[in-house]
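What follows is the residue order along each chain.
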Amino acid sequence: VQLVESGGGLVQPGGSLRLSCAASGFTFSSSAMSWARQAPGKGLEWVSGIYSDGSTYYADSVKGRFTISRDNAKNTVYLQMNSLKPEDTAVYYCAIGVPPERDHDYWGQGTQVTVSS
């Protein structure tokens, strides 16, 4: 299993970023996928999930601002993040499962998102 996140960076409050997670080594199209994040000094927080049928779920903290999607032809899951706030600053991870698998072998290495002026 390999999950590789990309698209993180520094953005001003109110800005947008799109994260991507390229997956390989398992049957992506039939797998539920999640995004989670870890802010400095805090624990892991589940952010969003998408099932194989395309149904989506969000944490209250990001509902209405973030959109998860998937492209099964590209084995990729995305997280479109709009109206970003400083409190969205974190390392963002993609993972297999909703909720994510406990075993971190099924997680990516993470991508840093920093929201600051």
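Just so it is clear, the structure is predicted and the values come from calculations on it, not from any experiment.

Conventions used here
Residues numbered from 1 in each chain as written. Predicted model: local features only at pLDDT ≥ 70, side-chain atom pairs only at ≥ 80, totals over all residues. Heavy atoms only, no water. Pairing = 2+ DSSP bridges. Helix = DSSP H or I, 4+ residues; strand = E, 2+ residues; numbered from the N terminus. Axes fitted to C-alpha atoms, helices over the stretch in contact; angles between N-to-C directions. Buried < 20%, exposed > 50% of the residue type's maximum accessible area, 1.4 Å probe, protein only. Phe/Tyr/Trp six-rings, centres within 6.5 Å; stacked < 30°, edge-to-face > 60°. Lys NZ or Arg CZ within 6 Å of the ring centre and 35° of its normal. Salt bridge = Lys/Arg side-chain N within 4 Å of Asp/Glu carboxyl O.

**A few points about the sheet that holds strand 5 (residues 44-50)**
A sheet is described by the order of its strands in space; here 6 strands give the open sequence 2-10-9-4-5-6, paired in mixed fashion. One side of each edge strand has no neighbouring strand; the edge strands of this open sheet are strand 2 (9-11) and strand 6 (56-58). Neighbour to neighbour, the strand axes of the sheet diverge by 25° on average, direction disregarded. Pairing analysis gives 6 bridges linking strand 4 (residues 33-38) to strand 5, with the strands arranged antiparallel. By the bridge assignment, Gln-38 is partnered in strand 5 with Leu-44.

**Focus: the pairing of strand 8 (residues 76-81)**
With respect to burial, strand 8 is a largely interior element, 5 of its 6 residues being buried. Bridge analysis of strand 7 (residues 66-71) against strand 8 gives 6 bridges, and the strand direction is antiparallel. Note on strand 8: the bridge partner recorded for Phe-66 is Met-81. Joining the antiparallel neighbours strand 7 and strand 8 is a turn of 4 residues, in which Asn-75 adopts a positive phi near 50°.

**What to know about the packing of aromatic side chains**
The final tally for this structure, using the stated rule, is 3 aromatic pairs. Ring centres 5.7 Å apart and planes at 85° place the aromatic pair Tyr-51 and Tyr-57 in the edge-to-face group. The class for Tyr-51 is partly exposed, based on a relative accessible area of 32%. Ring plane angle 70° and centroid distance 6.0 Å describe the contact between Tyr-93 and Trp-107, whose orientation is recorded as edge-to-face. With Tyr-93 in strand 9 (residues 90-96) and Trp-107 in the loop between strand 9 and strand 10 (111-115), this pair connects stretches of sequence that are 14 residues apart. There is no split in this pair, since Tyr-93 and Trp-107 are both buried. Sitting above the plane of the Phe-28 ring, Arg-70 keeps its charged end 4.5 Å from the centroid.

**Quick word on the pattern of salt bridges**
Between side chains of opposite charge, pairing is possible as soon as their charged atoms come close. Per the stated rule, a full pass over the model turns up 4 salt bridges. Between Arg-37 and Asp-88 there is a salt bridge, with the nearest N and O atoms lying 2.9 Å from each other. Taken together, the positions of Arg-37 in strand 4 and Asp-88 in the loop between strand 8 and strand 9 put the pair 51 residues apart, joining distant regions of the chain. On the basis of relative accessibility, which here comes to 6%, the residue Arg-37 falls in the buried class.

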